[in-house]
Amino acid sequence: MVIGISLRMLRFHAGGYLAAFVAMFLGAVIVIGCGGLLESGIHRAAPPQRLGAAPIVVTGDQRYHGTASDEVFAERVPLDAGLADELAAVPGVTGVAADVSFPVRRTDDGRELTGHGWSSARLAPAALVRGAAPSEAGEVVLPAGFGTGVGATVELLVGGGAARYRVSGLVDGAGAIYLTDAEAGRATGRPGKVDSLGVFTAPGTDAAAVKRDVAAVVDGRQAAVLTGDERGRAEDPGVMSEGEDLIPLAAAFGGLSAMVTVFGVAATLGLAIRRRQRETALLRAVGATPGQVRRSVVGETMLLAAAATGLACLPGPYVGRWLLAAFAEAGAVPETLAYRAGSVPLIAGVCTALLTALAAAFVAAHGAARTRPVEALAEASVEKRRFGTVRIVAGLGFVAGGAALALGTARADGPDAAGVATPAAMVWTAGVALLGPVLAAVVTAALRRPLRAVTGFAGHLATENARARIARLTGVVVPVMLAAGLALSLVYMQTTQAKGARDAFEDGLRADLAVTSAAGGLSPATVGEIARHPGVAAASAQVTSTGYIEPAELSGPLVHEGDAGEGAPQPPTMALLGVTAGAVEPTTAFRAASGSLDALDGATVALPERYAGPYEIGDTVPMRLGDGSRAALELVATVASRPGYETALLPAESLLPHTDGGLVPQILVTAEPGADRARLARALAETGPGLRVVDRETLSELRAEQDDTQAWMAWLVLAVVVGYAAIALVNAQIIATGERRREFGLLRLAGAARRQVLRMMAVEALLVTAVGVAAGLLVAAATLVPLSLSVLDAPVPAGSPWILAAVIAAALGLTLAATLLPTLALLRDRPAAAVAGERG
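Residues numbered from 1 in each chain as written. Predicted model: local features only at pLDDT ≥ 70, side-chain atom pairs only at ≥ 80, totals over all residues. Heavy atoms only, no water.

A short note on the overall build of the protein
Counting secondary structure elements, the protein contains 27 helices and 23 strands. Taken over 840 residues, the protein has a buried fraction of 50%. Looking at the protein alone, contacts between residues at least 24 apart form 83% of all its contacts between residues at least 6 apart. Total accessible area on the protein is roughly 35,100 Å²; 59% of this is exposed by carbon and sulfur atoms. (Helix = DSSP H or I, 4+ residues; strand = E, 2+ residues; numbered from the N terminus. Buried < 20%, exposed > 50% of the residue type's maximum accessible area, 1.4 Å probe, protein only. Contact = heavy atoms within 4.5 Å. Areas by Shrake-Rupley, 256 points an atom, 1.4 Å probe, with all protein chains shown as cover.)

As structure tokens, this is what we get:
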């Protein structure tokens, strides 16, 4: 019976519930899409491309076994080339193909390619269309579309320098060249090591049994045996390291979206239900019990929510795929990562939307359901100010939680502060939204006299309306607060983080010039050549990576059995920088707090003071480098570093073999006093093919562009979340204005002209914007001040004040449009008809 009544009631309130339906539908779509992202991050599936011909692929295991947070090594973990012979002896294996990859570039047109050894051609597979395979050093196989014939000579940038090759053959496909296996090994800088091994099996062989036998061979080594979509991880190890980042990214994005959905739907639905308050009051007056009223409202809402979430299941996965593609384009996740989402995201999204609607319906129906019958009709005419105790206590609880997170943000390291500030923004938003009635009453009282002084009688009516209908005011203020607060918090959070990273980079730079190569890196010998060049005072390699100080508990086997668990050790993670001894201080801001940086030679390290506490100069520090290799390094110096930007210094020649490229990415150069830097830059660029030289200012600009590329992801999150909040703002304002048809009719019968009613509504829109922006500023300040203290050591966040102006202007524009346009439509009705509830 309740469902039947609910269906009939929805027919007569379709306009009021349409906005709630839109809010539920869009919220469910976003949550379902984020759930798909989360599941994709868990699966980390990467369908193989170049290695697809091999049913089994053995590659380095990127996991740091035994750590509490399941760390992932930043560099590719290599395999010994000799493992191929062991795998070839496994029963059912017909062949093993080794694979290595290295960057290649043509010198004539700058075209980028990827080089491999010829043995890996069968993995693609790449078939010869002309000529023969490379059989000796100096021969190369090129793609057929390269524009070069067999027997021709080409010059390529390989292994940090230029080399001439004779084209021995052409293959189908594009973007890959093939050298002999030996020469490919030398080009990687890691001879005797391979990236992956493709294992081929005999037809009809039990692939699962062969996989178990292969796993038995590599047991105890830092190796992984992959089949199916997992094989793509061997092509791009970033699927493990960067793909894992999709999990917290999707969780944060989904959490923000869910929070905005909860409050957006609650505000919109609450206004829609309050719109029919007279009808509910009449039901109570004729004998309906509170339970019957509550069941009726909840039944209507759940029918609406079921339809909205059911429809959201169709576009939700497509939104998830679009978001994943956008994140990949921004460089946040590997492009090879596939979208893999089953029924769990759909179920989670539907449950979230239904629970949100259910909670909002109970809250919205609570006021009418608890009213005594004798007060029902009066309740419909005059709103009573009842701020529920549960709401106030919950709001204060969220505020307390936000304060705790703010303290954690202020104490966090600069690069990690945003990870704490984002949930802090969510908690602050929830607290301010729950305390919205109190905040709305306070701001309205503060603005009462100024508005009346500026706008006259229209301001008087607007402020009296706000005081009398504080619940309605709160319903339209919450979406404004969501849009303004989240926009300000997320935008200034990004600009502040970018400013902190830029300051740290520029503070650490002392060099005048930086030398790079189009070949993807420079030979270590190039550092010495540049250092001896006239006009150069010092030249230091810059080799970047990430490593760990290994705890004693993890000094046993490389691969630990079972899960590490929360009680496992967590090794300190830090940036590693390979440098040239004697040139560190002239080219960077690193200074020895103890020991000497000139002693960085061989198996040595200079640790940040923060992590050097347990060690003294001369002690051996156990470390795991970026490719998972263990290293016992002598501590020769300690250096002071900004919190969160700590960097361990190693000799470049010691770190290079443990990086993916095996080459020096960049050489920093300090010019001699009085030297012409522009002339020196031109001279250095002419010392070798493909060399590029930029000055210090350009280097900072390039770093800023890199930060801007990474920030694109944050802008995408901002656009989706704040865009939804803006839609909720418009919906809520339209509903709140639409319920006032009778009120406008009474005002016009009392003598008010259309323009006077419009002026009153414009002042109300201004008041709503002021209250909403004030609440949003409160959320933003509580989030950004601790973040700025952590990142910039100052309470004011970085970023243009025009951002604040644009947010306020957008909030005011949306609120005015969503208020005045429905008002104009309602004012077309005849006053008497509007009062009587008729259309006309």
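As for the nonpolar core
With 101 residues, the main nonpolar core has Met24, Leu246, Phe253, Val260, Phe263, Phe327 and Leu473 as its most contacted residues. Top contributing element to this core by residue count: helix H18 (residues 470–507), with 17 residues. When sequence neighbours within four positions are dropped, the list of residues in contact with Phe253 reads Cys34, Leu323, Phe327, Val717, Val720 and Val721. By size, the runner-up hydrophobic cluster in this structure holds 36 residues, among which are Ile530, Val621, Ala652 and Val664. (Core = buried A, V, L, I, M, F, W, Y, C linked by side-chain atoms within 4.5 Å.)

As for unusual backbone geometry
For residues that are not glycine, phi is negative in most cases, and the peptide bond is trans in most cases. Unusually for a residue other than glycine, Asp793 sits at a positive phi of about 60 degrees. Mapped onto the secondary structure, Asp793 falls in the loop between helix H25 (754–791) and helix H26 (801–826).

Structural notes on helix H24 (residues 741–749)
Residues of H24 that are buried: Arg741, Phe744, Gly745 and Arg748. All buried residues of H24 lie within an arc of 100 degrees about the axis, which places them on one face of the element. Backbone geometry just downstream of H24 places Gly751 in the positive-phi region, at approximately 115 degrees. (Arc of directions from axis to C-beta.)

Description of the confidence of the model for the protein
Residues shown with low pLDDT carry predicted positions that ought not to be read at fine detail. Scored by pLDDT, the protein has a mean of 82; 89% of the residues are at 70 or more. Across the protein, the secondary-structure element scoring lowest on mean pLDDT is helix H13 (residues 376–381), at 50, and the one scoring highest is strand S18 (residues 604–608), at 95. (pLDDT = per-residue confidence, 0-100.)

Let's talk about the side chain of Thr148
Mapped onto the fold, Thr148 is located in the loop between strand S7 (139–143) and strand S8 (153–158). Beyond its immediate stretch of four places on either side in the chain, Thr148 contacts Arg106, Leu142, Val154, Val167 and Leu170.

A word on the pattern of salt bridges
A complete count under the given rule lists 15 salt bridges for this structure. Among the ionic pairs, Arg190 bridges to Asp195, the shortest N-O distance being 3.7 Å. Between Glu550 and Arg624 there is a salt bridge, with its nearest N and O atoms 2.9 Å apart. With Glu550 in the loop between strand S15 (536–549) and strand S16 (573–579) and Arg624 in strand S19 (residues 620–624), this pair connects stretches of sequence that are 74 residues apart. Glu550 gets classed as buried once you look at its relative accessible area, which sits at 6%. Linked through salt bridges whose partners overlap, the residues forming this network are Arg76, Arg190 and Asp195. (Salt bridge = Lys/Arg side-chain N within 4 Å of Asp/Glu carboxyl O.)

So, the packing of helix H15 (residues 417–434) against helix H16 (residues 436–455)
Contact geometry of H15 with H16 gives a least axis separation of 5 Å together with a crossing angle of 65 degrees. Put simply, H15 runs roughly perpendicular to H16. Between H15 and H16, the residues in contact are Val432, Ala433 and Leu434 and Gly436, Pro437 and Leu439, respectively. Of the residues that constitute the contact of H15 with H16, the class distribution is 5 nonpolar, 1 polar and no charged. (Axes fitted to C-alpha atoms, helices over the stretch in contact; angles between N-to-C directions. Parallel < 35°, antiparallel > 145°, perpendicular 65-115°, else oblique. Nonpolar A, V, L, I, M, F, W, Y, C, P; charged D, E, K, R; others polar.)

A word on empty space enclosed by the protein
Scanning the entire structure with this criterion turns up 5 cavities of 30 Å³ or more. Roughly 150 Å³ of volume is contained in the largest cavity. Taken together, 17 residues line the largest cavity, and the ones lying closest to its centre are Arg472, Val476, Arg740, Glu764 and Val768. Looking at the lining of the largest cavity, the elements that each hand over two or more residues are helix H17 (457–468), H18, helix H23 (696–738) and H25. Take the lining of the largest cavity: its biggest share by element is 5 residues, from H25. Across the lining of the largest cavity, the residue classes break down as 9 nonpolar, 4 polar and 4 charged. (1 Å grid on protein atoms, 1.4 Å probe; cavity = no way out; pocket = protein on both sides within 12 Å on 5 of 7 lines; lining within 4 Å. Points joined across faces, edges and corners; volume = space filled by probe spheres on them.)

Structural notes on the packing of aromatic side chains
Given two aromatic rings, one states the distance between the centres and the angle between the planes to describe the pair. Within the structure shown, the criterion is met by 4 aromatic pairs. With centroids separated by 5.2 Å and ring planes inclined at 25 degrees, the aromatic side chains of Tyr64 and Phe73 adopt a geometry described as stacked. There is no split in this pair, since Tyr64 and Phe73 are both buried. Here the aromatic rings of Phe73 and Tyr548 are separated by 6.0 Å at their centres, their planes lie at 75 degrees, and the arrangement is edge-to-face. Linking Phe73 in the loop between strand S1 (56–60) and strand S2 (79–80) with Tyr548 in strand S15, this pair joins segments that are 475 residues apart in sequence. Tyr548 shares its class with Phe73; the two are buried. (Phe/Tyr/Trp six-rings, centres within 6.5 Å; stacked < 30°, edge-to-face > 60°.)

So, the sheet that holds S1
With antiparallel pairing, the 4 strands of this open sheet are ordered in space as S3-S12-S1-S13. Single-partner strands in this sheet number two, and they are strand S3 (93–99) and strand S13 (223–226). The mean angle between the axes of side-by-side strands here comes to 20 degrees, regardless of whether they run parallel or antiparallel. (Pairing = 2+ DSSP bridges.)

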